[in-house]
Amino acid sequence: MISQLLGFIPRKCLQFELIRKEITIIAKKSFETKTLQKLADEEYIELNPAIANKMSKISRNLYKGQSVAIFTSGGDSCGMNGALRASVRMAIYLGSQPYMIREGYQGMVEGGEHFVKAKWSSVSSIIHLGGTIIGSARCAEFMQREGRKKAAFNLVQRDINRLVVIGGDGSLTGANIFRQEWSGLLDELLAEGKITTQQREKYVDLHVVGVVGSIDNDFCGTDLTIGANTALHRITEAIDSIASTAYSHKRIFILEVMGRRCGFLAMITGIISEADYVFCPEAPPPMDWHDRLCEKLQKEGEGGQRLHIIIVAEGASDLNGEPITVEIVKKVILDKLKRESRITVLGHVQRGGATSAYDRILACRMGAEAVVAVLEATGNTTPVVVVLTNNQIERIPLMGAVERTQAANEALKSGDWAKAIALRGVFFQGNMMALKLLSRAKPLTKEQCCVPPPFNIAVMHVGSPACGINAATRSLVRTIIYNGDRIFGVSNGLVGLIAGQLKPLAWSDVIGWCSQGGAFLGMNRITPEGKYPEIARRLREFNIQGLVVIGGFEAYRTVLSLTTERASYQEFCIPMAVIPSTISNNMPGTEYTIGADTSLNEITKICDLIRDSARGYKKRVFIIETMGGFCGYLATMAAMAAGADSAYIFEEKFNVRDMQRDCANMVAKMSDVIERGLVLRCEGANKNYTADFMQRLYEEESNGLFSCRTCILGHAQQGGKPTPFDRCIATEMGIACGQFIHEQMVKSLQTDGTMLAVTKHSACMLGMIGPEYKYTSVEDLSHQTEFQYRTPKNQWWMKLRPLLRILSTHDSAYTTDNKAQVHQQPVDINCTVN
């Protein structure tokens with residue numbers, strides 16, 4: 001996700017400074033936004049000391065003889081089971097004994113059967129499940145010292161003094177209090193004769209590491225919490241369902257989403273759902289919001305819009321702190337517009353359902369690192385919480401992050417909204433700016449349309465379809481129109497450009513595009529080599545002064561090829577930009593491409609269905625082939641998200657011996673309680689070791705223990721509706737690209753009205769690096785590309801491969817003849833350093 005579910009709008013974005021000033025004005029405080037940003041940055045640096053921001057070198061049995069307990073606490077969220085699974089299996093890999101504590105702090109206090117010794121198979125087939133299989137409960141008794149003393153006794157009796165806490169800020173605060181009181185509690189237990197002197201001396205300290213699981217994404221210090229992405233999936237599914245009935249009846253729908261005191265869910269929902277109005281706690285509307293809302297609905301209705309969506313966060317209020325509820329909004333619309341509206345309160349639907357692929361992978365990364373951190377801890381170690389920052393898993397001081405989170409909540413209570421936004425971090429701020437930009441944007445008036453637009457820009461799609469292309473096109477079109485420029489849509493890629501199939505796009509032409517898959521403008525994989533004169537003639541005919549190409553590797557090649565021909569064709573001396581969109585995620589200059597997350601979720605869903613198909617029937621292994629060409633991103637990430645046993649990719653060479661080793665691992669699992677196996681293969685992994693070859697090899701090596709089946713997923717991976725992640729990055733990339741093209745055209749405009757863009761920075765790819773969108777010239781990117789295999793030379797996700805193997809290798813494999821081949825050397829699980 002994400003790895004980000006969300007992006008950051010560049011500081012030079014259209015109306016950036018205006019929006020920053022607006023946030024400050026809303027706050028009614030004397031602080032400048034820049035000052036608040038500096039404050040947030042300084043506090044963030046304090047949360048990231050050098051003591052713990054690197055993942056560790058680990059090896060098998062590194063912490064043999066240690067025990068670690070894992071429990072979930074507070075409100076549940078999808079992904080907790082994935083974190084539990086990763087924690088248990090990483091603990092087993094490191095040689096320690098993992099315990100699962102049922103019912104959270106309540107189980108810790110009561111002891112007995114609530115403490116469960118975990119085996120490798122204890123956490124099999126749970127990664128896809130929502131909620132938490134070990135339960136979660138709020139415990140009033142643990143809030144008292146006597147209750148914490150009972151918990152301490154239960155831990156010591158089981159030789160446990162290391163805890164991994166999966167929960168929200170309240171759960172983490174409770175764990176820290178427990179840690180601080182630990183020594184005194186053990187002294188009391190010793191005085192009462194409940195523990196021995198040896199136990200008191202052995203368990204001097206309690207070591208605690210936190211993993212944040214919350215759908216609200218309200219924890220400061222992490223870009224995303226486990227469960228937030230899945231909650232957005234549930235909200236998006238509901239809105240997509242509502243949209244059809246709302247369109248049919250020309251109705252207004254008002255949706256209430258969760259979030260407590262944080263408007264994250266409402267904010268992102270507003271960005272990706274084409275909502276007409278969004279109410280969230282961090283950005284209270286002006287006092288005349290009643291009139292503004294109704295005026296906007298009225299104008300949009302007169303313009304022919306049939307569908308109206310209003311999003312209300314459960315903690316929304318006005319500038320005076322008075323709550324804004326869905327009932328109040330409905331009454332305002334009825335009183336002022338005399339129109340009926342419908343209310344939908346999604347409630348706990350947002351917490352449930354199958355976990356998204358993003359949350360599964362995030363949970364694996366966080367859960368594994370949490371166990372490493374707690375086993376590394378010493379008496380001098382600061383307790384930490386594992387977070388996601390700039391697509392990297394890091395550790396930050398636990399209580400520093402909790403205090404910052406509490407400070408943000410206090411800022412909201414006191415009406416200091418600008419400070420609350422700053423404390424939420426740059427990740428949150430970027431999306432707040434995007435929401436404000438989208439909500440301010442409006443089509444040109446009739447008077448404005450009569451004025452010749454200063455620039456003509458063309459947008460075309462080149463490559464293969466990927467979900468999110470339409471969302472990127474929509475936001476690009478509206479940003480360009482809002483800038484006062486004119487945009488032409490090119491039908492059917494370069495074929496359509498050469499044929500002169502260009503037509504102006506209006507504001508209303510892209511209504512409803514955000515939620516749709518495919519590519520409405522049409523596209524193909526034709527590139528410009530050998531067609532330069534025809535392309536130049538059409539660009540000259542339509543006076544195209546800027547070009548945006550949305551698509552995959554072919555889109556990148558198209559802009560690179562046109563750039564190299566600038567010396568021969570004046571028409572190519574215009575600003576050009578690529579918005580990367582391909583399911584393969586195989587483009588340089590970006591960590592994520594539009595469409596890859598949707599494809600990943602489709603593959604994961606199919607893997608879930610395949611796994612269930614074999615349940616209770618017979619032991620069976622499925623060889624599943626994914627798309628991606630020579631890029632193994634989909635196979636690797638889908639394997640981690642689906643809990644697969646192995647993934648074969650082109651980037652990591654393998655031979656028959658490797659497959660025999662993996663098959664031996666499969667036999668070990670099947671000899672236990674496991675009934676199904678999943679093996680993923682990238683379509684370009686090896687031309688000789690095909691899916692059919694692997695099926696026959698596995699079946700032969702199993703000696704009749706299990707049967708094998710092959711499943712080629714094909715173009716199902718390109719279909720479906722875009723996920724929230726893809727809708728969000730597509731929308732924000734479209735905005736950022738529209739601004740980039742406009743700025744470059746202004747720079748390149750000559751006094752005679754012609755365009756002369758000849759610098760390498762006038763032809764760029766827009767990429768997502770960490771939480772920011774960055775522009776890199778296609779000329780520079782050409783040196784980072786393996787053109788033969790259509791992949792970047794460096795791919796960040798490759799460092800997830802060791803973690804995938806650790807989580808999928810059965811513990812018995814370490815005691816078999818294969819043990820010398822399986823993770824005996826130190827493994828670097830710092831999965832996200834480029």
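Residues numbered from 1 in each chain as written. Predicted model: local features only at pLDDT ≥ 70, side-chain atom pairs only at ≥ 80, totals over all residues. Heavy atoms only, no water.

1. Things to note about empty space enclosed by the protein
Put simply, the largest cavity is a space of about 130 Å³. Taken together, 16 residues line the largest cavity, and the ones lying closest to its centre are Arg-89, Ser-124, Ser-125, Gly-643 and Arg-676. In terms of residue class, the lining of the largest cavity is built from 7 nonpolar, 4 polar and 5 charged. (1 Å grid on protein atoms, 1.4 Å probe; cavity = no way out; pocket = protein on both sides within 12 Å on 5 of 7 lines; lining within 4 Å. Points joined across faces, edges and corners; volume = space filled by probe spheres on them. Nonpolar A, V, L, I, M, F, W, Y, C, P; charged D, E, K, R; others polar.)

2. Topic: the side chain of Asp-169
Looking at the element boundaries, Asp-169 is found in helix H6 (residues 169-191). A relative accessible area of 14% places Asp-169 in the buried class. If we ignore the near neighbours within four places in the chain, the residues touching Asp-169 are Phe-219, Arg-260, Val-402 and Thr-405. (Helix = DSSP H or I, 4+ residues; strand = E, 2+ residues; numbered from the N terminus. Buried < 20%, exposed > 50% of the residue type's maximum accessible area, 1.4 Å probe, protein only. Contact = heavy atoms within 4.5 Å.)

3. With respect to the sheet that holds strand E22 (residues 707-712)
With parallel pairing, the 4 strands of this open sheet are ordered in space as E20-E21-E19-E22. Strands with a single pairing partner mark the edges of an open sheet, and in this sheet they are strand E20 (646-648) and E22. With strand direction ignored, the average angle separating the axes of adjacent strands in the sheet is 20°. Here strand E19 (residues 620-626) pairs with strand E21 (residues 676-682) via 7 bridges, running parallel. Opposite Glu-625, over in E21, you have Arg-681 as the bridge partner. (Pairing = 2+ DSSP bridges. Axes fitted to C-alpha atoms, helices over the stretch in contact; angles between N-to-C directions.)

4. Observations regarding the sheet that holds strand E10 (residues 341-345)
Pairing is parallel in the open sheet, where 4 strands are placed in the order E8-E9-E7-E10. Each having just a single partner strand, strand E8 (277-279) and E10 make up the two edges of the open sheet. Adjacent strand axes in the sheet meet at a mean angle of 15° when their direction is disregarded. Along the sheet, helix H10 (residues 289-302) makes contact with strand E7 (252-257), E8 and strand E9 (308-313), crossing E8 at roughly 155°.

5. Observations concerning the layout of surface pockets
Each pocket or cavity is described by its volume, and for the second largest pocket that value is around 590 Å³. Along the wall of the second largest pocket there are 27 residues; nearest its centre are Ser-73, Gly-74, Arg-138, Gly-170 and Ser-171. Ranked by residue count, the leading element in the lining of the second largest pocket is H6, at 7 residues. Partitioning the lining of the second largest pocket into residue classes produces 9 nonpolar, 10 polar and 8 charged.

6. With respect to the packing of helix H3 (residues 80-93) against helix H12 (residues 357-376)
Closest axis-to-axis distance for the H3/H12 pair is 7 Å, and the angle between their directions is 40°. By the criterion of interaxial angle, the relationship of H3 to H12 is oblique. As H3 runs across H12, the sense of the crossing is right-handed. In this structure, H3 contributes Gly-82, Ala-83, Arg-85, Ala-86, Ser-87, Met-90 and Ala-91 to the contact, and H12 contributes Ala-363, Cys-364, Gly-367, Ala-368, Val-371 and Val-372. Within the contact of H3 with H12, the residues separate by chemical class into 9 nonpolar, 3 polar and 1 charged. (Parallel < 35°, antiparallel > 145°, perpendicular 65-115°, else oblique. Left-handed = near helix turned anticlockwise from the far one by under 90°.)

7. Quick word on the pattern of salt bridges
All told, the structure shown has 39 salt bridges when counted by the stated rule. As a salt-bridge pair, Arg-145 and Glu-188 come within 2.7 Å of each other at their nearest N and O atoms. Residue Arg-145 is found in helix H5 (residues 145-156), and its partner Glu-188 is found in helix H6; the two are separated by 43 residues along the sequence. Taking the shortest distance from any N to any O, the salt bridge between Arg-540 and Glu-571 comes out at 2.4 Å. Taken together, the residues span a long stretch of sequence, with Arg-540 in helix H19 (residues 532-541) and Glu-571 in the loop between helix H20 (553-564) and strand E18 (576-580) at a distance of 31 residues. Through salt bridges with shared partners, one network takes in Arg-145, Glu-146, Arg-148, Lys-149, Glu-181, Glu-188, Glu-192 and Lys-194. (Salt bridge = Lys/Arg side-chain N within 4 Å of Asp/Glu carboxyl O.)

8. A look at the packing of helix H8 (residues 228-249) against helix H9 (residues 264-272)
Packing of H8 against H9 brings their axes to within 10 Å, and their N-to-C directions diverge by 50°. Between H8 and H9, the interaxial angle falls into the category oblique. The two elements H8 and H9 meet at a crossing, and its hand is right-handed. Only Phe-264, Leu-265, Ile-268, Thr-269 and Ile-272 of H9 make contact with H8, whose side of the interface consists of Ala-228, Ala-231, Leu-232, Ile-235, Thr-236 and Ile-239. Its residues placed into classes, the contact of H8 with H9 shows 9 nonpolar, 2 polar and no charged.

9. Some points on H3
For an α-helix the count is 3.6 residues per turn, leaving residues at separations of three or four pointing the same way. Over its 14 residues, H3 extends 20 Å from the first C-alpha to the last, a length consistent with the 20 Å expected when each residue adds 1.5 Å. Taken across its 14 residues, H3 has 14 buried, putting it largely inside the fold. Following H3 by one or two positions, Gly-95 has its phi on the positive side, about 90°. (Expected span 1.5 Å × (residues − 1).)

10. As for the environment of Val-68
Among the secondary structure elements, Val-68 is positioned in strand E2 (residues 67-72). With 303 residues separating them along the chain, Val-68 and Val-371 place their C-alpha atoms 7.8 Å apart. Setting aside its immediate chain neighbours within four residues, Val-68 contacts Ala-91, Ser-96, Gln-97, Pro-98, Tyr-99, Arg-162, Val-164 and Val-374.

11. Topic: the environment of Cys-631
Assignment of secondary structure puts Cys-631 in the loop between E19 and helix H22 (633-642). Classification of Cys-631 by relative accessible area gives buried; the value is 1%. As for Cys-631 and Ile-649, which are separated by 18 residues in sequence, their C-alpha atoms are 7.3 Å apart. Those residues in contact with Cys-631, other than ones at most four positions away along the chain, are Ser-584, Asn-585, Asn-586, Glu-651, Cys-682, Thr-791, Gln-795 and Trp-797.

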